[in-house]
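The lines below spell out each chain.
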Amino acid sequence: MLNINEVYKTFNPGTINEKKALNGVNLNLNSEDFVTVIGGNGAGKSTILNMIAGVYPIDRGSIILDGIDITYLPEHKRAHYLGRVFQDPMKGTASNMEIQENLAIAYRRGKKRGLSWGITKAEKEKFHEELKVLGLGLEDRMTSKVGLLSGGQRQALTLLMATLQKPKLLLLDEHTAALDPKTARNVLSLTNEIIQADKLTAIMITHNMKDAIKYGNRLIMMHEGRVVYDVAGEEKKNLQVSDLLAKFEQASGGEFANDRMMLA
Amino acid sequence: MSFLISLLWATHAATAQGILFGVMALGVYITFRVLDFPDMTCDGSFVLGGCVSAVLIVKAGWNPYVTLIVAVLAGGASGAITAFLHNKCKIPAILSGILTMTALYSINIRVMGQANTTLLGVDTVVSMVKDILPESIQGIANFTNWVVIVLGCIFVTLVTMFMYWFFGTEIGCAIRATGNNGDMVRALGEDTDKMKMLGLVIGNSLVALSGALVAQSQGYADVGMGVGTIVIGLASIVIGEVIMSRARTFKFRLISILLGAVIYRVIIAWVLQMGLKATDLKLLTALVVAIALTIPKMLGATAASKATISMKGGDSNAKH
Ligand SMILES: Nc1ncnc2c1ncn2[C@@H]1O[C@H](COP(=O)(O)OP(=O)(O)OP(=O)(O)O)[C@@H](O)[C@H]1O
Ligand SMILES: [Mg+2]
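Residues numbered from 1 in each chain as written. Chains lettered and ligands numbered in written order. Predicted model: local features only at pLDDT ≥ 70, side-chain atom pairs only at ≥ 80, totals over all residues. Heavy atoms only, no water.

1. Topic: the site of ligand 1
Residue and element names in this part refer to chain A. Stated precisely, the cut-off is as follows: Whether a residue is near a molecule or strand is decided by its heavy atoms; if any one of them lies within 4 Å of it, the residue is near. Polar contacts, as used here, are pairs of N or O atoms within 3.5 Å; protein pairs need one atom able to donate a hydrogen and one able to accept it. Residues neighboring in sequence count only if both atoms are side-chain atoms. Here, Shrake-Rupley sampling with a 1.4 Å probe gives the accessible areas, and only protein chains in the shown set may cover a residue. Secondary structure elements are taken from DSSP: a helix is a run of H or I of four residues or more, a strand is a run of E of two residues or more, and numbering for both begins at the N terminus. When residues are grouped by polarity, Ala, Val, Leu, Ile, Met, Phe, Trp, Tyr, Cys and Pro land in nonpolar, Asp, Glu, Lys and Arg in charged, and all others, Gly among them, in polar.
Ligand 1 sits among 15 residues. The nearest are N41, G42, K45, S46 and T47. For ligand 1, an oxygen atom lies 3.1 Å from a polar atom in the backbone of A43. Here an oxygen atom of ligand 1 sits 2.4 Å away from a polar atom, N or O, in the side chain of T47. In isolation ligand 1 has 630 Å² of accessible area, and contact with the protein removes 69% of it. Contributions of two or more residues to the shell around ligand 1 are made by β2 (19–29) and α1 (45–53). Per-element accounting of the shell around ligand 1 gives the leading share, three residues, to α1. Here the shell around ligand 1 is composed, by residue class, of four nonpolar, eight polar and three charged.

Here you go:
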């Protein structure tokens, strides 16, 4: 489904700010895999998602999605195949536009935009039904500006927008990190429901190790731009947070796990 | 009394001019507000529209109305160059516009072969309408201004209807979203460079159309006629926002801009009547814009959200 082969990325090469973010990442996903990704700050988690999405070009390696070589495709073309939800709730929606207008733009992902009306009556009805499923009452506020919504509502909306056209791959970068714990739980279980219902292939970065174990069928740990641990199936289900902490210490050569991972 | 009469007369002319400048303000609104692209091209594209139109009438004997189409195309091309400099050459938005504007100064003189072109004694969009009107109404006071006002209203209506339609289409929505959140638009599969290109082309087409109409109605095109276009456009937008601060829908926002453009001209005519030197106008305009931009911020404590919504890009509540 997704083949990431020997991907390297160095930011600001040749300067004092040089940073090797990815050091030969290899990752193969099967169809309907739901992978959770953990790792310390700066491990390269966001970078690998950005490489898949085409936000920056990669230095070396290749990325094949469902048989299509997307390594050199510009960001907006890859978006035809990808659904994305960002950490920052502001980043996934247009705040000055209506909820239904945001959905209408998302509904046209992967399609050619022309001079027909930006949103049709049939679409409004469809969006009404889809919003109902979120259970946030947004279906009654379809003409409200997205800027008026709370962070959690925006993330739920972004999630719906990302999956309105079924993506080949859903990319979630700590999409609940900016939310309060209760809202984060709701958005997370909603995420899980959508992924199960639509049988999506997904990669989800999280700093919460419990969530990383609880959700998905596979878990990978990244460290210094590499995948250092990859576990799936029964073995993954039976993981404990302490196992992950041990793995992390092992990977980082006995150093203490950083604060964020300890707390999680 | 004579002061009042001359003021009224001046207001008439000012209203007529204001409507024609309103088309320019709508163009500036597309680039500055909808696309959130600080586009300085308009100082040049406004003149370009006027030059192209004037030269085609005077030197090529074209129908004044047909020259408007060429002016629109020329304005669109100048917007495309700015978009190219920004998208492909990765030059910052402001500088891209300044480069095109600077280049247009030379081009405009090339187009005219000199620094200005007069339209006296030739047909213009205004004279053609005057000619077909019956003798009986030709004598009414301010006849020419009335013709310009009616003609301007027709153009403004067409442009407003076009904008209302266009920004409700799939592409139009994507352009509005680009001005609001480019990351989102790319993540949803649209090329933001393409959207910026389209927005700049359309915005500058309208600015050039306005330049052509202004040149024809004032009877000359001059290479200096575009100085401060951006500021006048912004002044119109912010005056409109201040007087119609409740205008939340796209339609009313467009109307507020047109009103702003007229009010701006009337204020200018008024202060000129009061004895201000014409050369001090730019200073006054800059002050008007600075004050008008400050007022919403000062009222901000109570109406913060309202002000910020109207200050940012993607600023268009097209509702269908
Ligand atoms: N655009 C960029 N320019 C320069 N350096 C960058 C850029 N993006 C990421 N980096 C660097 O690359 C490294 C990996 O960053 P990345 O964002 O992938 O980490 P992460 O695993 O997502 O960490 P976090 O848990 O903090 O989100 C970091 O050292 C970061 O500073
Ligand atoms: Mg990250």
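2. Quick notes on the packing of helix α8 (residues 170–180) of chain B against helix α10 (residues 192–218) of chain B
Residue and element names in this part refer to chain B. Note the threshold: Axes, fitted as lines to C-alpha atoms, cover a helix only where it is in contact. Angles between the N-to-C directions of the axes lie from 0 to 180 degrees. The cut-offs work like this: below 35 degrees is roughly parallel, past 145 is roughly antiparallel, 65 to 115 is roughly perpendicular, and the gaps in between are oblique. For this analysis, residues touch if any pair of their heavy atoms sits within 4.5 Å.
Taken N-terminus to C-terminus, the directions of α8 and α10 make an angle of 100°; their axes are 9 Å apart at the nearest point. Judged by the inter-axis angle, α8 sits roughly perpendicular to α10. Contacts from I171, A174, I175 and T178 in α8 reach T192, M195, K196, L198 and G199 in α10. Broken down by class, the residue content of the contact of α8 with α10 amounts to five nonpolar, three polar and one charged.

3. What about a nonpolar patch on the surface?
Residue and element names in this part refer to chain B. Inclusion rule: Only residues whose relative accessible area exceeds 30% and that form no salt bridge enter a patch; like-charged residues are grouped when within 9 Å of one another, and nonpolar side chains (Val, Leu, Ile, Met, Phe, Trp, Tyr) when within 5 Å. For salt bridges, the criterion is a side-chain nitrogen of Lys or Arg within 4 Å of an Asp or Glu carboxyl oxygen. Only protein chains enter the accessibility calculation, which uses a 1.4 Å probe; a residue is then buried when its area is under 20% of its type maximum, exposed when over 50%, and partly exposed in between.
On the surface, V242, I243, F252, I255, L259, L283, L287, I291, I295 and L299 cluster together to form a nonpolar patch covering roughly 870 Å² of accessible area. Counting residues per element, the ones that place at least two in the nonpolar patch are α11 (229–243), α12 (250–273) and α13 (281–298). The element that contributes the greatest number of residues to the nonpolar patch is α13, accounting for four residues. Given a relative accessible area of 45%, L287 falls into the partly exposed group.

4. Brief notes about helix α5 (residues 125–132) of chain B
Think of an α-helix as 3.6 residues a turn; residues three or four steps apart then line up on the same face. All buried positions along α5(B) are accounted for by V125(B), V126(B), S127(B) and V129(B). Against α3 (64–87), α7 (143–166) and α10 of chain B lie the buried residues of α5(B).

5. Here we look at the sheet that holds strand β4 (residues 60–65) of chain A
Residue and element names in this part refer to chain A. The line we're drawing: Strands were regarded as paired on the criterion that DSSP finds at least two bridges between them.
In space, the four strands of this open sheet follow the order β2-β1-β4-β5, with antiparallel pairing throughout. Lying at the two open borders of the sheet, with one neighbouring strand each, are β2 and β5 (68–69). Here eight bridges tie strand β1 (residues 2–11) to β2, and the two strands are oriented antiparallel to one another. Each bridged residue has a counterpart across the sheet, and for Y8 the counterpart in β2 is N23. Lying over the sheet, α1 contacts β1, β2 and β4, oriented at roughly 115° with respect to β1.

6. Things to note about the interface of chain A and chain B
Which entries qualify depends on this criterion: Accessible surface is computed with a 1.4 Å probe, and the buried area is the amount of it that two parts give up when combined, taken over both parts together.
Across the contact, 34 residues belong to chain A and 29 residues belong to chain B. Summing both partners gives a buried area of about 2,800 Å² for chain A against chain B, and 56% of it is carried by carbon and sulfur. For the interface between chain A and chain B, the tally reads four salt bridges. The partner of R113(A) in a salt bridge is E190(B), and the shortest N-O contact between them spans 2.8 Å. Summed over the shared surface of chain A and chain B, the result is 14 residue pairs in polar contact (both at pLDDT 80 or more). Mapped onto the side of chain A that touches chain B, the elements with two or more residues apiece are α2 (75–78), β6 (82–85) and α3 (99–107) of chain A. By residue number, the principal contributor to the side of chain A that touches chain B is α3(A), which donates four residues.

7. Points about the UniProt feature "domain: ABC transporter" (unreviewed entry) in chain A
Stated precisely, the cut-off is as follows: UniProt positions are given in the numbering used here, feature names are shortened, and annotations may be inferred rather than shown by experiment.
What UniProt calls "domain: ABC transporter" (unreviewed entry) maps, in this numbering, to residues 2–249 of chain A. Regarding residues 2–249 of chain A, the helix share stands at 35% and the strand share at 25%, and the terminal C-alpha atoms are separated by 29 Å.

8. What to know about the pairing of β1(A)
Here five bridges tie β1(A) to β4(A), and the two strands are oriented antiparallel to one another. What sits directly across from N5(A), in β4(A), is S62(A).

9. Regarding the nonpolar core
The tendency in soluble globular proteins is for nonpolar side chains to be buried as a group. As a reminder of what qualifies: In plain words, nonpolar cores are sets of buried Ala, Val, Leu, Ile, Met, Phe, Trp, Tyr and Cys residues tied together by side-chain atoms within 4.5 Å.
With 75 residues, the main nonpolar core has L26(B), V28(B), Y29(B), M163(B), F167(B) and I175(B) as its most contacted residues. For this core, the element with the most residues is helix α1 (residues 2–34) of chain B, which contributes 13 residues. Those residues in contact with I175(B), other than ones at most four positions away along the chain, are V34(B), L35(B), F166(B), F167(B), M195(B), L198(B) and G199(B). In this structure, A156(A), M161(A), A177(B) and L188(B) belong to the second largest nonpolar core, which totals 40 residues.

10. Describing the packing of α3(B) against α10(B)
Residues and elements named next belong to chain B. Applicable threshold: Crossing handedness is defined as follows: a turn of the near helix away from the far one that is anticlockwise and smaller than a right angle gives a left-handed crossing, while the clockwise case is right-handed.
Orientation of α3 relative to α10, taken along the N-to-C sense of each, is 145°, at an axis distance of 6 Å. Crossing of α3 against α10: the hand is right-handed. Here the contact of α3 with α10 is composed, by residue class, of 14 nonpolar, 11 polar and two charged.

11. Focus: the packing of aromatic side chains
The condition is simple: Between rings of Phe, Tyr and Trp, where Trp is taken as its six-membered ring, a pair exists when centres lie within 6.5 Å; planes separated by under 30 degrees are stacked, by over 60 edge-to-face, and by other angles tilted. Our definition puts a charge over a ring when NZ of Lys or CZ of Arg is within 6 Å of the ring centre and also within 35 degrees of the ring normal.
Enumeration according to the criterion identifies 10 aromatic pairs over all chains in this entry. An angle of 35° between the planes, with centres 6.5 Å apart, marks the rings of Y29(B) and F250(B) as tilted. Of this pair, Y29(B) sits in helix α1 while F250(B) is found in helix α12, placing the two residues 221 residues apart along the sequence. Its relative accessible area of 0% is what places Y29(B) among the buried residues. Taking the relative accessible area as the measure of exposure, F250(B) reaches 1% and is therefore buried. For the pair F167(B) and F250(B), a centre-to-centre distance of 5.9 Å together with 75° between the ring planes defines the contact as edge-to-face. Taken together, the residues F167(B) in the loop between α7 and α8 and F250(B) in helix α12 connect sequence positions 83 residues apart. Given a relative accessible area of 0%, F167(B) falls into the buried group. R60(A) extends its terminal NZ or CZ atom over the ring of Y8(A), reaching a point 4.2 Å from the ring centre. A cation over a ring is seen here: R265(B) above F21(B), with NZ or CZ 3.9 Å from the ring centre.

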